[in-house]
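Residue-level listing of the chains:
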Amino acid sequence: MSEKIERFETLILGSGPAGYTAAIYAARADLKPVMYTGMEPGGQLTTTTEVDNFPGYPQGIDGPTMMVELQQQAERFGTEVRIGMATSVEFNDEPGGIHKVTIDDSKVVEAHTVIIATGASAKYLGIPSEQRLRGGGVSACAVCDGFFYKGQDVAIVGGGDTAAEEASYLAKICNKVTMLVRKDYMRASKAMQHRVESLSNIDIRYNTEVDEILGDQVVEGLRMVNNQTGEKEEIPITGFFVAIGHKPNTDIFKGQLDMDGTGYVITAGKSTKTNKPGVFASGDVQDKEYRQAVTAAGTGCMAALDAERYLASVESAETVS
Ligand code: NDP
């Protein structure tokens with residue numbers, strides 16, 4: 001006999017600040033949310049040490065602890081948190097239609113509403129020293145971790161708007177920022193380039209790539225290589241920031257949801273509505289600009305409110321017909 005397919009009012013995919021905030025609001029609205037955590041339970045914040053910029057934690061809090069507390073808060077109101085990863089989806093085009101989501105390539109679940117909060121992943125260079133020193137001075141978020149390098153020398157790699165913005169941010173806190181741009185120009189907007197160039201403690205190195213990050217347990221230096229001349233140079237640094245872009249975790253939604261050219265889910269206006277009725281997107285999966293825990297939490301709240309209103313509108317349409 002085949003197993004009965006579970007059907008939920010609200011299914012939440014992803015367990016970062018967006019997912020948990022959506023869960024808190026959805027549970028309190030009696031939508032009986034079920035959350036599948038994804039591959040990295042707790043999301044990107046579990047790879048951070050100290051979170052100092054989330055309102056309400058005057059002494060700061062470490063990322064993993066914050067995510068455990070968010071989970072407890074979501075569970076307190078009845079959210080069911082399950083370990084599992086959505087591996088494919090079949091979203092319904094009709095208002096009131098049932099959406100199907102396959103978990104771990106094996107189990108199909110159904111839902112009236114789906115809140116996507118699968119986040120984005122920072123891209124890394126992929127060299128061994130970078131992987132080894134993650135958490136020991138290598139970071140992909142200057143706004144999160146820059147403060148720990150107050151008055152010190154750091155380096156940042158990347159030539160886009162994020163790198164330029166983060167280099168400017170670091171320049172305010174750190175003694176010196178060496179910025180590595182692999183081409184002979186920056187991809188960042190002219191305004192951002194001017195800002196970086198105008199700051200005297202940013203040393204921009206064009207045509208320059210990372211050869212190796214130096215240090216056993218913590219970052220102690222950087223060996224850079226000029227990709228035109230092959231010349232190598234070592235500088236002492238204590239922090240190394242990667243700002244070479246993010247990849248939204250949207251592969252499974254391709255062909256189902258409208259996305260921009262870089263794979264971010266497009267939401268309508270100021271809402272979290274996607275192009276499929278009853279499917280909402282919140283957090284970094286739909287935001288390439290702000291990407292903060294607190295903004296992700298804000299859109300998670302919006303997604304739950306949008307889902308609640310959607311369910312109410314579908315119900316009243318059914319009552320009328
Ligand atoms: P981008 O993809 O725009 O830029 C990535 C940068 O990293 C490029 O300079 C790229 O070099 C470089 N890079 C990529 N891979 C490597 C590598 N392996 N080694 C060295 N360098 C590498 O990403 P961003 O995160 O900067 O921006 C993403 C989007 O968000 C953009 O559309 C941007 O405009 C937007 N944004 C807007 C902001 C604002 O308006 N305030 C703030 C932040 C982002 P190359 O050029 O050689 O490919």
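Residues numbered from 1 in each chain as written. Predicted model: local features only at pLDDT ≥ 70, side-chain atom pairs only at ≥ 80, totals over all residues. Heavy atoms only, no water.

Chemist: Explain the sheet that holds strand β10 (residues 138–139) to me, please; I cannot follow it from the model alone.
Modeler: Sheets are built from strands paired through backbone hydrogen bonds, the pairs being either parallel or antiparallel. Spatial ordering of the open sheet is given by β10-β17-β11-β12-β13, a layout of five strands whose pairing is parallel. A strand with exactly one partner marks an edge of an open sheet, and here the two such strands are β10 and β13 (202–205). By the bridge criterion, five bridges tie strand β11 (residues 153–157) to strand β12 (residues 176–180) in an arrangement that is parallel. Residue pairing across strands places Val 157 opposite Leu 180, the latter belonging to β12. (Pairing = 2+ DSSP bridges. Helix = DSSP H or I, 4+ residues; strand = E, 2+ residues; numbered from the N terminus.)

Chemist: When you look at the environment of Glu 130 in this model, what are you seeing that I'm missing?
Modeler: With respect to the secondary-structure elements, Glu 130 resides in helix α3 (residues 128–132). Residue class for Glu 130 comes out buried when judged on its relative accessible area of 0%. As for Glu 130 and His 194, which are separated by 64 residues in sequence, their C-alpha atoms are 29 Å apart. Apart from the residues lying within four places of it in its own chain, the contact partners of Glu 130 are Tyr 124, Leu 125, Val 138, Ile 213 and Val 242. Reaching out from Glu 130, the side chain makes a polar contact with the backbone nitrogen of Gly 126 at a distance of 2.7 Å. (Buried < 20%, exposed > 50% of the residue type's maximum accessible area, 1.4 Å probe, protein only. Contact = heavy atoms within 4.5 Å. Polar contact = N/O pair within 3.5 Å; in protein donor to acceptor, adjacent residues only side chain to side chain.)

Chemist: Sorry if this is basic, but what is going on with the site of the ligand here?
Modeler: Around the ligand there are 15 residues in total, and Gly 159, Asp 161, Thr 162, Arg 182 and Arg 187 lie nearest to it. A distance of 3.3 Å separates an oxygen atom of the ligand from a polar atom in the backbone of Gly 160. At 3.0 Å from an oxygen atom of the ligand is found a side-chain nitrogen or oxygen belonging to Lys 183. Burial of the ligand by the protein chains amounts to 74% of its free accessible area of 920 Å². Per-element accounting of the shell around the ligand gives the leading share, three residues, to helix α5 (residues 161–173). (Near = heavy atom within 4 Å. Areas by Shrake-Rupley, 256 points an atom, 1.4 Å probe, with all protein chains shown as cover.)

Chemist: Can you help me understand the packing of aromatic side chains in this one?
Modeler: The relative placement of two aromatic rings is captured by the distance of their centres and the angle of their planes. Applying the stated criterion across every chain yields a total of four aromatic pairs. Arranged with centres 6.1 Å apart and planes meeting at 15°, the rings of Phe 91 and Phe 253 form a pair that is stacked. With a gap of 162 residues between them, Phe 91 in the loop between β6 (86–90) and β7 (99–103) and Phe 253 in the loop between β18 (246–248) and β19 (279–281) connect regions that are remote in the sequence. Across the pair, Phe 253 and Phe 91 agree in class, each one buried. (Phe/Tyr/Trp six-rings, centres within 6.5 Å; stacked < 30°, edge-to-face > 60°.)

Chemist: Whenever I open this one, the state of the cysteines confuses me. Can you help?
Modeler: Should the sulfur atoms of two cysteines be covalently bonded, the bond is a disulfide. With the rule as written, the count across this model stands at one disulfide. With its sulfur 2.1 Å from that of its partner, Cys 141 forms a disulfide with Cys 144. Linking Cys 141 and Cys 144, the disulfide has an S-S dihedral of approximately 75° and is accordingly described as right-handed. By relative accessible area, Cys 141 is classed as buried at 17%. The partly exposed category is assigned to Cys 144, whose relative accessible area is 22%. (Disulfide = S-S within 2.5 Å.)

Chemist: Would you mind showing me how to read empty space enclosed by the protein here?
Modeler: Over the atoms rolls a probe the size of a water molecule, and in doing so it shows where empty space is left. According to the stated counting rule, one finds one cavity of 30 Å³ or more in the structure shown. Taken as a whole, the largest cavity spans an internal volume of roughly 40 Å³. Looking at the largest cavity, the residues that line it are Ala 122, Lys 123, Ala 140, Thr 162, Glu 166, Val 242, Ala 243, Ile 244, Gly 245 and His 246. Here the residues of the lining of the largest cavity sort into five nonpolar, three polar and two charged. (1 Å grid on protein atoms, 1.4 Å probe; cavity = no way out; pocket = protein on both sides within 12 Å on 5 of 7 lines; lining within 4 Å. Points joined across faces, edges and corners; volume = space filled by probe spheres on them. Nonpolar A, V, L, I, M, F, W, Y, C, P; charged D, E, K, R; others polar.)

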